[in-house]
Amino acid sequence: MNDEILNVKNLSKIYPGGVHAVKGISFKVHKGESVAIIGSSGSGKSTVLRCINRLIEPTSGDVILKGKKINIPSADINEIRSRIGMVFQSFELFAHLRVIQNISLGLIHVRGMKNDEAEKLALEVLQKVDMLDRKDAYPGNLSGGQKQRVAIARALAMKPEILLFDEPTSALDPELIGSVLENIRALADEGMTMIIVTHEIGFARDVADRVIYMDQGIVAEEGSSSIIDNPQTERMQKFLSTWD
Amino acid sequence: MNITDDNSQFLNFSIRGFYILCTNRGTVSILFRRILGTPVFRKNPFRTNIIICLIVFILINISSVNAQTTIKSGWEIIDTDFDEDIFSVISTEEDELWGFGESGLIINSNDNGNSWTKLETIVEEDLISSDYLDGILLVSGTNGTVIHKVQDEGWNEINIPDKNTNIEEVAISSADSYFIVGSNGLIWHYDGSNWENKTFNNQHNYNSISFNDENTLDGIIVGDDGIILSTLNGGINWERIETPSLVEDKDIISLQLISDSRAYAVTEEGYILVSRGMDTNIGFEWELVSNELFLDFDDGLLNNIEVVNSIKIIISGQNNFIATSKNGGNAFEMHNLSLLPLDNGFILYDLVMIDGFCGVASGSNGTILITALDENGYCSEGLDQYLGFQIEDFNDFGQFVGKYSGWMLEGLIATMKIVAFGIIFGFLIGITLAIFKTAPTSLKDMIESHLEKLLLTTWFIIPVSIIFSKAGNSKLIGILIFFLLSLTLLILHTIINRKGNHSGDRDGLLGRKVPEQFRSLMIRLLGLSLLIGQPIGEYEIRGSLFLITESLISFSELNLEGIENIFAPIGNPSVFLDLLLGIMILIPSCMFILNNGNYNEIEISYSKNNNIKINPWKLRPLNSIATIYTDIFRNTPLIVQFLFLHFGIQIGRLIEESTAEFVLGIPILADIFSDRIYLSAICALAFNSGAYQCETLRGAIAAIPSGQMEAGRSIGLTYLQTMKLIIIPQAIRICIPPLGNEMVNLVLNSSLAMVIGYTELTRQGKLINAITFQITWTWGMVMISYFVVTWTLALILRRIEAKTRIPGLGIL
């Protein structure tokens, strides 16, 4: 089990209002694996993702990153987060910083790199997502797809052990989705470990090694990407039928 | 006075400097890059530069035009038919004026000094000093000559037995009690029939004596070498009073008691001393009105002080010197007697005011000066023009502006000085509080991530500092040791964590943590020691329980009833602080004791079906502190804050005294930190503005989407880093308009600093008004000056706002 990166054990989250968003789910992610989490809105997908890097504190259960439990008070959460990349649905680029600064910010202030060193690395990552020509633009001047690619670059620059995608294409126009998905696909091919929460069923089928279908806070069905074509449970069948 | 010239030069330089600063990309962009994260100023196009330069050049040249003023003296010379020197003049309650002089000259006037009659001389000696009380006139002269006149009787001689005495001044204590002082410690007392020598110390020369007209037992004597004697029993015993160190070796030449509550004295050089009978009787405590001499009075010495009331003071001296202060001696306006056709050798001997507006001055060769009278020969009471002092005749507005724009500028600079520091400190306070208010740090976070630090602080750092401060008997030592220890540990902690290459934990202390199984126990023990305190050897550190009970007992001793208790904090401030501290410790200490390792909410049922769930672990201590601060400063008037901070807790004095040792010898800092009023004004403005700026900033922070915080945290930035690098730079851009509003408010509010005596623009306007009586001109100029400042500020802010705009953030 040496290649196990992430182990989520019996994770559950009850929000202060009493909403039981996640009701004890468990899964493992191995090195180089890309896992897609699908499910209808409100099924707790995003909550699971946020619990993994503790943007939301899980109510109970364990999150184990590389054999080390991370949801305990004594864990250094900032250090852990820097090893878990995250890409948000609404990009969340830092509006007051240029593209290149967006990417080098974490390198300078978290990794403690020198400015020119960080910039060099940032340019490399930008090259990867094909955004090198817009390195001096402000996020406000980019299109949605470009923003998301910069966001991916920002997460990649930290050289994360695992990358979390929170519905990366939901806020994009259909014609912009392609380029972003292309980037994610390229990452998967390179062997990046990823968890992708997505509504793009087709994409999940193509890219993901494993698919987890969540419904009402529990894992309703789990398996290789082939389960999208052959859903076993009724709930998943119903869910998939709405997408055809 | 060359104020105007100096200041236009200053204006010249400051405008140029400001301009260079604004157009120079380097300086300002560095400044703003620190706050806003990106360079904001770009170089102006060349043509704009030239136009701005031209405008500034023209403005500077217009502003330095200086007009000449015609000055008319407010004093006029009275024709008299005698030419003896008149050494002393005095006014009586019956509107009579008396003058005494060379070779026994006695003159009087019944029409406010317009005409004088020479009376028959009784003695041949020079008469040099006089006093009046309840119908008694007492005059003394050379060779021990003393004459007096009781009610309507004639003049009688009551000479001192010793012909060689050198009398300086006489004073009437009561109807049958006269005093005389002179050189070599001479004090003689007349009890209605006989003179008695009461000299008890012949080392010092006495120059002046005065008794309180209302409470005739209080008297004061002043003399050479800063000597002041005071009596409470009509002169039976005299007590030597300590003088302010600056005048210890100066000769105090003249003295006047004006009421139960105030006495003024002046030294030859022009230091003015005041005694306010507040805590003690009048005359027992003296302080200098100002540490500086009021004028460059270098040729000649003063010889007389005449106090009209507590704000209007006139001093006179050699070389025809008369100067008036209308603000209790803080600033004097000199009267130019050289405009009058006086002889070259004219000496001014005495000056007396009949009331606030009419006065008489006497001098050599029978010269008598009176203040301007109206056509009926009366002092035009109520018309301040006839104050009898230098009246300036302004032919046109240009002259007025030419003369007083310097004053305005001085006030403007003073205003800018407090405003600049007020803005800086206010912003720092505001941003700190705003971060406090939005900080998610709850009690739980604090104890979880800082348990080790808290333990070390409560069980080691605080006890050690307290032991040291008690052993050294000084609070300062304790505070110093506390900071020293904390700082050392913090630095060590940072170094060790940095070496840990991020694989170790950032929390904990020095890379060590309390093991998981002991954490809960340690938290409980911590709570216990906070609650009941710790005994350390012979010393004891009081816990919150003791603090609260002790302070409540102290409050009950204040004897306040019912609603009056809201004033208890003022009745005993130190105890109130104890109480506050006790309550602040009580809540967390109770929580710590109840800690069982998980931080669940507590369910309280107050009726059958209604439960409330509270989670005290979610209490945010930083937020509470910031809330208390802003509540206090936003719910009290600024003017009261000024008064309370300056006079109430004397914050300026506290800062001055605590920093005196550190800034000694550093030229600029020493100047800044020795001006108490200035320090107080800055503090009041900054504290107040900080509270408002905090709310503005907090609103802006709240307006940043939460995703930005999530994004920052997700790449591994700490909360504070995310705040500093991502949230605050964006928030500041959002709140530049309301923040600008707040800064403009601060400039306008700075006018309230005049209530504590800070000479800023408004106060300067008041002074100009009091001197010139050009009400419309003065206040109009003040208004325009304020407008120029705030408008410029608004323009700069508008420019900053435009320059810092980020594409895609906010609607245009």
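Scroll up for the structure.
Rules behind the numbers
Residues numbered from 1 in each chain as written. Chains lettered and ligands numbered in written order. Predicted model: local features only at pLDDT ≥ 70, side-chain atom pairs only at ≥ 80, totals over all residues. Helix = DSSP H or I, 4+ residues; strand = E, 2+ residues; numbered from the N terminus. Buried ≥ 20, exposed ≤ 12 C-beta atoms within 10 Å, placed from the backbone. Contact = placed C-beta atoms within 7 Å. Pairing = 2+ DSSP bridges. Axes fitted to C-alpha atoms, helices over the stretch in contact; angles between N-to-C directions. Expected span 1.5 Å × (residues − 1). Arc of directions from axis to C-beta. Parallel < 35°, antiparallel > 145°, perpendicular 65-115°, else oblique. Left-handed = near helix turned anticlockwise from the far one by under 90°. Nonpolar A, V, L, I, M, F, W, Y, C, P; charged D, E, K, R; others polar. Bend = angle between axes of the 7 residues up to and from the residue.

(A) Representation of the overall build of chain B within the structure. Regarding its fold elements, chain B presents 20 helices and 34 strands. Counting over 812 residues, chain B shows a buried share of 35%. Contacts in chain B between residues at least 24 apart in sequence constitute 57% of all its contacts with a sequence separation of at least 6.

(B) Geometry of the sheet that holds strand β9 (residues 210-215) of chain A. Residues and elements named next belong to chain A. Strands sit in the order β6-β7-β8-β3-β9-β10 across an open sheet of 6 strands; the sheet is mixed. Two strands bound the open sheet, and with one partner strand each, they are β6 (84-87) and β10 (218-224). Averaged over all adjacent pairs, the angle separating strand axes in this sheet is 15°, with direction ignored. By the bridge criterion, 4 bridges tie strand β7 (residues 162-166) to strand β8 (residues 194-197) in an arrangement that is parallel.

(C) Fine view of helix α6 (residues 174-190) of chain A. Residue and element names in this part refer to chain A. For α6, which comprises 17 residues, the first-to-last C-alpha distance of 25 Å matches the rise-based estimate of 24 Å (1.5 Å per residue) to within 8%. Taken residue by residue, α6 has Val-180, Leu-181, Asn-183, Ile-184, Leu-187 and Ala-188 as its buried positions. One face of α6 carries all of its buried residues, which in axial projection span an arc of 155°. With respect to the buried face of α6, the exposed residues turned more than 90 degrees away are Glu-175, Asp-189 and Glu-190. Packed against the buried residues of α6 are β3 (34-38), α5 (144-157), β7, β8 and α7 (201-207). After α6 finishes, the residue Gly-191 shows a positive phi value of roughly 95°.

(D) Examining the packing of helix α4 (residues 397-438) of chain B against helix α19 (residues 761-772) of chain B more closely. Residues and elements named next belong to chain B. For the pair α4 and α19, interaxial distance at closest approach is 8 Å and the crossing angle is 155°. It follows from the interaxial angle that α4 and α19 lie roughly antiparallel. Relative to α19, the crossing made by α4 is right-handed. Listed contacts from α19 to Phe-400, Tyr-404, Trp-407, Met-408, Glu-410, Gly-411, Leu-412 and Thr-415 of α4 are Leu-761, Arg-763, Gln-764, Gly-765, Ile-768 and Thr-772. When its residues are assigned to classes, the contact of α4 with α19 shows 7 nonpolar, 5 polar and 2 charged.

(E) Local environment of helix α13 (residues 651-663) of chain B. All names here are of chain B. Given a rise of 1.5 Å per residue, 13 residues ought to cover 18 Å, and the 17 Å separating the end C-alpha atoms of α13 matches this to within 8%. Most pronounced at Glu-657, the bend in α13 amounts to some 30°. Just past α13, the residue Gly-665 takes up positive phi, approximately 90°.

(F) Looking closely at the interface of chain B and chain A. Across the boundary between the two partners, chain B contributes 28 residues, which contact 27 residues of chain A. Counting residues per element, the ones that place at least two in the side of chain B that touches chain A are α16 (706-714) and α17 (719-734) of chain B.

(G) Layout of the sheet that holds strand β29 (residues 368-371) of chain B. All names here are of chain B. Strand order across the open sheet formed by 4 strands is β2-β29-β28-β27, with antiparallel pairing between neighbours. Both edges of this open sheet fall to β2 (75-78) and β27 (348-353), since each of them pairs with a single strand only. Going across the sheet, the axis of each strand differs from the next one's by a mean of 25°, ignoring polarity.

(H) Region of the structure containing unusual backbone geometry. Phi is positive for A:Asn10, which is not a glycine, with a value near 50°. Look at A:Asn10 and you get exposed, because 12 C-beta atoms sit within 10 Å. One non-glycine residue, B:Asn365, lies in the positive phi region at around 55°. Along the chain, the position of B:Asn365 falls in the loop between β28 (359-363) and β29. You can call B:Asn365 partly exposed: it has 17 C-beta atoms within 10 Å.

(I) Representation of the environment of B:Leu579 within the structure. Residues and elements named next belong to chain B. Structurally, Leu-579 can be placed in helix α10 (residues 573-593). According to the C-beta neighbour criterion, Leu-579 is buried, with 22 such atoms within 10 Å. Sequence spacing of Leu-579 and Phe-546 is 33 residues, and the spatial spacing of their C-alpha atoms is 9.5 Å. Sequence-distant contacts of Leu-579, defined by excluding residues within four places in its chain, comprise Leu-547, Ile-548 and Ser-551.

(J) Expanded view of the environment of A:Arg111. Assignment of secondary structure puts A:Arg111 in the loop between α3 (99-109) and α4 (115-128). When the 18 C-beta atoms within 10 Å are taken as the criterion, A:Arg111 is described as partly exposed.

(K) A look at the packing of helix α15 (residues 676-703) of chain B against helix α18 (residues 736-749) of chain B. Residues and elements named next belong to chain B. Interaxial distance between α15 and α18 falls to 10 Å at its minimum, and their mutual angle equals 160°. As far as their axial angle goes, α18 and α15 are roughly antiparallel. In terms of crossing hand, the pair formed by α15 and α18 is right-handed. Where α15 approaches α18, its residues Leu-685, Ser-689, Tyr-692, Gln-693 and Thr-696 are matched on the opposing element by Pro-738, Leu-739, Glu-742, Leu-746 and Asn-749.

Nothing here speaks to function; it is all geometry.
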